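# Architecture and fold: a report
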Amino acid sequence: DGGITQSPKYLFRKEGQNVTLSCEQNLNHDAMYWYRQDPGQGLRLIYYSQIVNDFQKGDIAEGYSVSREKKESFPLTVTSAQKNPTAFYLCASKDSRGASGGGETQYFGPGTRLLVL
Amino acid sequence: SQKIEQNSEALNIQEGKTATLTCNYTNYSPAYLQWYRQDPGRGPVFLLLIRENEKEKRKERLKVTFDTTLKQSLFHITASQPADSATYLCALDKQYNTDKLIFGTGTRLQVFP
């Protein structure tokens, strides 16, 4: 899992509750990503951040929020507005050099499985 | 919009044979294509990257080809072993934004003794 940790491994959410998923990396990567994975579907991008104090919406950002106050950390909050939160959530990071510098590869954490009670 | 297709059905092969997985894409020309391995309940792990100007890439028992005319990549595992059983994902950079990847749904490979 290459220097990226996610916690908790399993998370249970009650109706109307906000929950926060943790993602920490010690790879000194500038870029970090959050994906959602549902059975039979590919990874879908929720939010990403290319630098501290900046982030952009991905393809399915509604009902989620993020912050990037430190380079090492990119927590994801699943808000009560997300009506179908049950999924496997994956955090990833990438070297900031980009395609020309060879930094295309993303390194993933072990994932957090979110279940609704 | 960009679309990636991988065989949704599982691929079952006998140990020692070559496994070939397919990734097809439409509507644009990516700068590069990547293959990842994902085991159940775990995050994907990077395997190989191939760029648009490369035809083939090898790493140990793995080989990737990239045909930009057919808009297709083939991923081969030679001398397959039961330990190769996993889901394999292909991913392409997003058009106009190579900092983002688009992932296919993955193909599950099962290698039996």
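The numbering scheme is per chain: residues are counted from 1 as the chain's sequence reads. Chains and ligands are labelled by the order in which they are written, letters from A for the one and numbers from 1 for the other. Since the coordinates come from a predicted model, pLDDT governs what is reported: local features require at least 70, and pairs of side-chain atoms require 80 or more to be given and counted, while whole-chain, interface and lining totals use all residues. Here the side-chain values reflect all heavy atoms present in the structure, with hydrogen atoms and water set aside.

## Brief notes about the confidence of the model for chain A
Where we set the bar: What pLDDT reports is the predictor's confidence in each residue, on a scale of 0 through 100. The secondary structure listing takes helices from DSSP runs of H or I that are at least 4 residues long and strands from runs of E that are at least 2 residues long, numbered from the N terminus.
Looking at chain A, the pLDDT average stands at 91 and 92% of residues meet or exceed 70. Model confidence for chain A, summarised as mean pLDDT per element, is weakest for helix α1 (residues 98-101) of chain A at 52 and strongest for strand β7 (residues 64-66) of chain A at 98.

## Side note on unusual backbone geometry
Operational definition: When a residue's accessible area, from a 1.4 Å probe over protein chains only, is under 20% of the maximum for its type it is buried; when over 50% it is exposed; and in between it is partly exposed.
With omega at -5°, the peptide bond leading from S7 of chain A into P8 of chain A counts as cis. Position of P8 of chain A among the secondary structure elements: in the loop between β1 (4-7) and β2 (10-13). Positive phi outside glycine occurs at N27 of chain B, with the angle close to 75°. Classification of N27 of chain B by relative accessible area gives exposed; the value is 54%.

## What about the interface of chain A and chain B?
Note the cut-off: Here a residue-residue contact requires only that any non-hydrogen atoms of the pair lie within 4.5 Å. Accessible-area loss on putting two parts together, using a 1.4 Å probe and summing over both, is the definition of buried area adopted here. The term salt bridge refers to a pairing of a side-chain nitrogen on Lys or Arg with a carboxyl oxygen on Asp or Glu at a separation within 4 Å. Throughout this description, a polar contact denotes any pair of N or O atoms lying within 3.5 Å of each other; where both atoms belong to protein, one of them has to be capable of donating a hydrogen while the other can accept it, and for residues adjacent in sequence the pair is counted only when both atoms sit in side chains.
Listed per partner, the contact involves 25 residues of chain A and 20 residues of chain B. Summing both sides of the interface, chain A and chain B together bury roughly 1800 Å²; the carbon and sulfur share of this comes to 49%. Applying the counting criterion to the chain A and chain B interface returns zero salt bridges. Viewed at the interface, chain B and chain A are joined by two residue pairs in polar contact (both at pLDDT 80 or more). If one sorts the elements of the side of chain A that touches chain B by residue count, strand β5 (residues 43-51) of chain A sits on top with four residues.

## Let's talk about the sheet that holds strand β6 (residues 56-59) of chain B
Residue and element names in this part refer to chain B. Quick note on the threshold: For two strands to count as paired, DSSP must find a minimum of two bridges between them. The axes used here are C-alpha line fits, helices contributing only the stretch in contact, and every angle between their N-to-C directions lies in the interval 0 to 180 degrees.
In spatial order, the strands read β1-β3-β8-β7-β6; together these five strands make up an open sheet with antiparallel pairing. In the strand order of this sheet, the two ends are held by β1 (3-6) and β6, each with one partner. Within the sheet, the average angular offset between the axes of one strand and its neighbour, ignoring direction, is 15°. The sheet contact formed by β1 and strand β3 (residues 19-26) spans four bridges and is antiparallel. Across the sheet, E5 pairs through a bridge with N24, a residue of β3.

## Observations regarding the sheet that holds strand β3 (residues 19-25) of chain A
Residue and element names in this part refer to chain A. Read from one edge of the open sheet, four strands run β1-β3-β8-β7, paired in antiparallel fashion. Among the strands making up the open sheet, the edge pair consists of β1 and β7. Strand-to-strand twist across the sheet, computed as the mean angle between neighbouring axes with direction ignored, equals 20°. Looking at chain direction, β7 and strand β8 (residues 76-78) are connected through three bridges and run antiparallel. Bridged to V66 within β8 is L76.

## Some points on the confidence of the model for chain B
Of the residues in chain B, 100% have a pLDDT of 70 or more, and the chain-wide mean is 92. When pLDDT is averaged over each helix and strand of chain B, the minimum, 83, is found for strand β10 (residues 97-103) of chain B and the maximum, 97, for strand β11 (residues 107-112) of chain B.

## So, the pattern of salt bridges
Applying the stated rule across the entire model yields eight salt bridges over all chains. The partner of R37 of chain B in a salt bridge is D39 of chain B, and the shortest N-O contact between them spans 3.0 Å. D39 of chain B gets classed as partly exposed once you look at its relative accessible area, which sits at 25%. The residue E56 of chain B makes a salt bridge to R58 of chain B at a minimum N-O spacing of 2.8 Å. A network of salt bridges, in which partner residues are shared, links R36, D38 and R44 of chain A.

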